[in-house]
Number of protein chains: 2
Amino acid sequence: MATDLEIARAATLQPIGAIAAKAGIPEEALIPFGRHKAKVESGFVQAQAGRPRGRLVLVTGISPTAAGEGKTTTTIGLGDALNALGTRTMICLREPSLGPCFGVKGGATGGGRAQVAPMEDINLHFTGDFHAITAANNLLSAMVDNHLYWGNGLGIDPRRVTWRRAMDMNDRNLRNMVLGLGGAAQGVPREDGFDITVASEVMAIFCLARDLADLQARLGRIIVGQTRDGRSITARDLKADGAMAALLRDALQPNLVQTLEGSPALVHGGPFANIAHGCNSVMATTLGLSLAEVVVTEAGFGADLGAEKFLDIKCPSAGLSPDLGVVVATVRALKMHGGVAKSALGAEDVGAVERGVVNLIRHVENMRKFGLPVLVALNRFTTDTAAEIEAVRHAMARTGAEAFLCTHWGEGAAGAADLARAVRRLLDQGHAQYRPLYDSSLPLAEKLRTIAREIYHAAEVQIPPAVAARLKRFEEMGFGHVPVCVAKTQYSFSADPTRMGAPEGHVLPVREARLSAGAGFVVAVCGDIMTMPGLPRHPAAESIGLDAEGRIEGLF
Amino acid sequence: MATDLEIARAATLQPIGAIAAKAGIPEEALIPFGRHKAKVESGFVQAQAGRPRGRLVLVTGISPTAAGEGKTTTTIGLGDALNALGTRTMICLREPSLGPCFGVKGGATGGGRAQVAPMEDINLHFTGDFHAITAANNLLSAMVDNHLYWGNGLGIDPRRVTWRRAMDMNDRNLRNMVLGLGGAAQGVPREDGFDITVASEVMAIFCLARDLADLQARLGRIIVGQTRDGRSITARDLKADGAMAALLRDALQPNLVQTLEGSPALVHGGPFANIAHGCNSVMATTLGLSLAEVVVTEAGFGADLGAEKFLDIKCPSAGLSPDLGVVVATVRALKMHGGVAKSALGAEDVGAVERGVVNLIRHVENMRKFGLPVLVALNRFTTDTAAEIEAVRHAMARTGAEAFLCTHWGEGAAGAADLARAVRRLLDQGHAQYRPLYDSSLPLAEKLRTIAREIYHAAEVQIPPAVAARLKRFEEMGFGHVPVCVAKTQYSFSADPTRMGAPEGHVLPVREARLSAGAGFVVAVCGDIMTMPGLPRHPAAESIGLDAEGRIEGLF
């Protein structure tokens, strides 16, 4: 069987101008980066703002397992299939992070016949957006420390600087450090650390900004730390917001690429789905909606984290109104939710499917709480048996959500045609009545309790007094109206990654609350959240290199 | 008077394809980055390698002063003037570093009517080369620490890791740190620090590599540290060279832009001129020579540092044979070398010119030791008086090197026409007999003494026993044949920045010797060399921002 890389290399890509023309983007609005990538000029994006909007389809998934579900692949396959049926469709994806490419995982550009291209470029530097975000993050850090160095006129407490540095690299040694060492001329000693760039608040801001002015305003609101008497110091106090916006100006323009089947795709922004909201940029999604009849986009992790944040954070902030949810599942992953070990997935086990399907059912039911019609995409593997597939279909029929077998990985658009036809039918029926899960006027703690009750099916939320006091403090500071972004394990509805399926009656322990004042949400940290990954014993980087023709090998 | 930014904005740039056509680069070899920047495909660069070569003109300068000399501006003005005279000329410059843009200095794209454009792009992210270099540098760091974390099979001594991390930012707080804190799961505690990206050995390697294979071979030779028993550990030992080369693959292709007068310019690479060799990339220079009748390029700092390294490090390594040297001076700077304070430069002072011109004369005589004919470009300021200019001309006449008054800053190509005609005349005479200052077979200490004696006019070189032992060790390791790269102050021929003019009989104290095994030189550190700058009390970043049309303000 051909690898993703072989399939991608065998494909003949169209000039990016032809893809743009297909998408309704004029040549003069295109900023080419080579022959197969381009940015779309912000002037054009702004001019499109008032245009009639297409329908918005969110692709999300069951709670992820080691078996893999294929959410990005399904997003691409569905987009290709809709285009093949004659529905003008734009695919909106997140940009992959460079760091993890050198660790264990491959790229994040889909797979099989459902890929965006050119995959090497997109997975590495692409158009430089993440580098710009890293630079903006670290300029702010340099200005914080420079302020401390030159007399600290604002009275920042060096022990209370919360703004961390960023790097797009998996590098555990950067997690915790003492810097500014070497004497009075070399800086101000204090504790600090680096997060991976996708975990930076600048990334979240970048993805939520409606335009350049909104970007700069949000950057200015970033809180870098506190004074001894608890006053918050912002990026604007340090006069860093203008230079940060200048560094991000070009990056904020959405990136256009194509799928292997020639569908246009906007790949732009990529925040973490735990301490941030985990969706591609508002700029790209709104551009797509202004151009296409349908936009297909995805959210990170499972629907409890990714879709909830898409629907409670991104959509209200950007004024988006989604029309349909598609939940991706595989028989293999459902069997794991039913208690089968990864090594035993080869054997048929209908009982395990029946036990594990409760995870899928709950995600489907959760999506309906946002007023969305829901479909299920069953991403087929060759090992799936007819009886196992039937078990999923049977279970879904009882929920009223149809499940469609998808084979876009091996067959491209044709493999997602049934799903695409169902998507068109549901969109034509127009039954969506999108509403966020909670009202913005609810107290922060109540918002958190609502998510835990309605989405996680938790019996209780444990908020320690110190965290409760912080939430109150955020409300006093004028941030009571913002949504709550829950950072918890993606492997379970609960905070315990080993509780698969559809656990109930569990306790959600909140360890910490952080205010992302620029992004405009409060992060409730529930469990260990890693914001700087490490490399494995034998990192993928060891086998990455160039072949005799200078092509990159070993990346995927 | 119009500012550099106003002049740049008023200019109408040509499509980069038109510039490429003028330079002899076919459309299909061009990788566009927007409308006014492009990379030239490495396949084309390689195919050109056997083509007849143009002549190579090096623009260098007197010992720099606070008055400014205008070396980049003169390189651009001379290139424009040669093109205007009908000599097909390519300008080869270094890329500016992003970090310093937020500190005190403006950009590094020339000035007045002698600029390369688009200046905002070139000064900020440009085509992402420096970001790629930063990523490659830091991937190696991550792999070093990851190796320590997973059992340290190679036996690296964590106290003897010499490979530092890099960031393209002025950030003094990153100079010295202890990282890897937080317990066994968080890394391996050790001392480390960040250098600014231009100081990374990856940058020097990038600029000296002849092609991708040479790049990867050099990356593999990088020494990251030692074992307890003194064995060197390389990037290849860590299997990092392939992934680093993959990160740099696209960046290694030279960047094409234009001057405000429409001359083609290759702006590519930008290593420090103290701990590295301070010239643009070999890839760009050789590409330029394969395309143009004349290539005009520049070296960093004054001729004692920049030109010496160009002629003793870059040219031998790349097999280049330069044809002419141009030394840039200003009346103002010569007056400072003659003892006048910057605040008193407004008043005529012929005596100071006569005293200070010794600095210029020595640089001219030094250049001749490499077998090069030399011209002087006197970059005119409006405050220069006729008597002062005559004093320079008179002094130079005695040396046999003609001095030409240049006004390209205000007048563009026309202002450097006399200089350009003289350049053509000398190139036609073909008297150059380039030779490096020393033979590669000399012992390292002897190479250093030769530079100190012949170029700096030092009476003595102080090499402490520990440094002498290190030089011996480098020779035993097989690096005796490499050139020596001296890191010392650029403000004086001596190691004392306050000794202006043409000091003699001084002592050059060598503090440290470092082996840059990948770049292929030994660095002799003479004095305090800063590899991570800081920001001033009021950094330029505070006044950088976007105007109502989203254009960048305050950067220059």
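Rules and cut-offs
Residues numbered from 1 in each chain as written. Chains lettered and ligands numbered in written order. Predicted model: local features only at pLDDT ≥ 70, side-chain atom pairs only at ≥ 80, totals over all residues. Heavy atoms only, no water. Buried < 20%, exposed > 50% of the residue type's maximum accessible area, 1.4 Å probe, protein only. Helix = DSSP H or I, 4+ residues; strand = E, 2+ residues; numbered from the N terminus. Pairing = 2+ DSSP bridges. Phe/Tyr/Trp six-rings, centres within 6.5 Å; stacked < 30°, edge-to-face > 60°. Lys NZ or Arg CZ within 6 Å of the ring centre and 35° of its normal. Axes fitted to C-alpha atoms, helices over the stretch in contact; angles between N-to-C directions. Contact = heavy atoms within 4.5 Å. Least-squares fit on C-alpha atoms with pLDDT ≥ 70 in both.

On to the pairing of strand β6 (residues 114-117) of chain B. Residues and elements named next belong to chain B. Both faces of β6 are covered, namely the face carrying Ala114 and Val116 and the face carrying Gln115 and Ala117. When strand β5 (residues 110-111) meets β6, the two strands line up antiparallel, connected through two bridges. Counterpart to Gly110 in the pairing with β6 is Gln115. From the end of β5 to the start of β6, which pair antiparallel, there are two residues, and Gly112 there has a positive phi angle of about 60°. Where β6 lies against strand β14 (residues 255-259), two bridges are found, and the strand directions are antiparallel.

Moving on, we get to the packing of aromatic side chains. Taken as a whole and assessed by the stated rule, the structure comprises four aromatic pairs over all chains. Where Tyr149(A) meets Trp150(A), the ring centres are 5.2 Å apart and the plane angle is 85°; that geometry is what we call edge-to-face. Residue Tyr149(A) is classed as partly exposed on the basis of its relative accessible area of 24%. Classification of Trp150(A) by relative accessible area gives partly exposed; the value is 31%. Summarising the aromatic geometry, the rings of Phe194(A) and Phe194(B) are spaced 5.4 Å apart at their centres and angled 0° between planes, so their arrangement reads as stacked. Of the two residues, Phe194(A) sits in strand β11 (residues 194-196) while Phe194(B) sits in strand β11 (residues 194-196), which places them in two different chains. Owing to a relative accessible area of 0%, Phe194(B) belongs among the buried residues under this scheme. We note Arg362(B) situated over the ring of Phe493(B); from NZ or CZ to the ring centre the distance is 4.8 Å. One Lys or Arg, Lys488(B), reaches over the ring of Tyr456(B) and ends 4.7 Å from the middle of that ring.

Moving on, we come to the sheet that holds strand β21 (residues 484-487) of chain B. Residues and elements named next belong to chain B. Strand order in the open sheet formed by three strands is β21-β24-β23, with mixed pairing between adjacent strands. The strands lining the two open edges of the sheet, one partner per strand, are β21 and β23 (512-516). Across the sheet, the axes of successive neighbouring strands diverge by a mean angle of 25°, strand direction being ignored. The pairing of β23 with strand β24 (residues 521-525) spans five bridges and is antiparallel. Residue pairing in the sheet places Glu512 in a bridge with Val525 of β24. Seen against the sheet, helix α18 (residues 465-479) touches β23 and β24 and runs at an angle of roughly 20° to β23.

Let's shift gears to the relation of the copies chain A and chain B. Superposition record for chain A on chain B: RMSD 0.0 Å, screw rotation 180°, translation along axis 0.0 Å. Given the turn and translation reported, the copies of this chain are related as if by a two-fold rotation axis. For chain A, the residue whose C-alpha comes nearest the rotation axis is Phe33(A), separated from it by 2.3 Å. Taken together, the interface assignments show that 100% of the residues at the interface of chain A recur at the interface of chain B, consistent with an identical surface on both copies.

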